[in-house]
Amino acid sequence: MKNIGLYFGTFNPIHIGHLAIANHMAEFSDLDEIWMVVTPHNPHKKKSSLLDNHHRYEMVYRATELYPKLKPSDIEFGLPQPNYTVYTLAHLQEKYPEDQFHLIMGEDNLKSFHKWKNYDVILENHNIYIYPRIAEGNVESQFKDHPKIQRIKAPIMEISSTFIRNSIANNKNVKPLLPISVWEYIDEMNFYK
């Protein structure tokens, strides 16, 4: 049985902040692998700046190639849209019954977790690993000392994909913020210009 952490994101593009957190979770928690789950399209995000699924998956694939514990996942591409995390977890548990799946999320997401579809079902069946974020607002008291919610002291990474896209559009050099293979792909494909 493997303990697998699911790190969801649009990864538009994946950057060193994502990698640092995923790698930290793989090395400093009891998770065996981290699956970087590329989400097809978040209804809360404007679609215009969102690269096609396969391009974002390709970037995640390239970014994780050198890290055996980090795996790219396109599991949500084949699920009906709009999709909810609770359905993805059920689908994975059915497909890989011998493994145990857990959620990785930033503290900012925990603050709105009580609004997620069937969040109680998620908590009943899965652990949640929280990494720190600088964010406004409060975490619901029911999640403060919840036995299924573990806080991992990961480095605080405040790099945003939006900032990277805007910087590229404005001809700024953001090479240090991206894995080199991802930077080369973006450059070669002329993305975000």
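Model, not experiment: these values are computed from the prediction. (Residues numbered from 1 in each chain as written. Predicted model: local features only at pLDDT ≥ 70, side-chain atom pairs only at ≥ 80, totals over all residues. Heavy atoms only, no water.)

Thoughts on the packing of helix 2 (residues 53-64) against helix 8 (residues 180-189)
Orientation of helix 2 relative to helix 8, taken along the N-to-C sense of each, is 145 degrees, at an axis distance of 8 Å. Residues H55, E58, M59, R62 and A63 of helix 2 form the contact with helix 8, whose participating residues are S181, V182, Y185, I186, E188 and M189. Across the contact of helix 2 with helix 8, the residue classes tally to six nonpolar, two polar and three charged. (Axes fitted to C-alpha atoms, helices over the stretch in contact; angles between N-to-C directions. Helix = DSSP H or I, 4+ residues; strand = E, 2+ residues; numbered from the N terminus. Contact = heavy atoms within 4.5 Å. Nonpolar A, V, L, I, M, F, W, Y, C, P; charged D, E, K, R; others polar.)

A word on unusual backbone geometry
That bond from N12 to P13 is cis: its omega, 0 degrees, falls within 30 degrees of zero. The topology assignment puts P13 in the loop between strand 1 (3-9) and helix 1 (16-28). In this structure, P82 follows Q81 across a cis peptide bond, with omega equal to -10 degrees. Unusually for a residue other than glycine, N171 sits at a positive phi of about 55 degrees. On the secondary structure map, N171 appears in the loop between helix 7 (161-169) and helix 8.

Re helix 8
Given 3.6 residues per turn, any residue in an α-helix points the same way as the ones three and four places further on. Looking only at helix 8, the buried set comprises V182, Y185 and I186. The buried residues of helix 8 occupy an angular sector of 95 degrees when projected down its axis, which confines them to one face. In this structure, the buried residues of helix 8 make contact with helix 2 and helix 7. Trailing helix 8 by a residue or two, N190 shows a phi angle of about 65 degrees, which is positive. (Buried < 20%, exposed > 50% of the residue type's maximum accessible area, 1.4 Å probe, protein only. Arc of directions from axis to C-beta.)

Quick look at the packing of aromatic side chains
Inspection of the entire model under this criterion finds 13 aromatic pairs. Put simply, the rings of F113, W116, Y119 and F143 pair up and form one aromatic cluster. One Lys or Arg, K117, reaches over the ring of Y84 and ends 5.3 Å from the middle of that ring. A cation over an aromatic ring shows up here: K175 above the ring of W183, its NZ or CZ 4.3 Å from the ring centre. (Phe/Tyr/Trp six-rings, centres within 6.5 Å; stacked < 30°, edge-to-face > 60°. Lys NZ or Arg CZ within 6 Å of the ring centre and 35° of its normal.)

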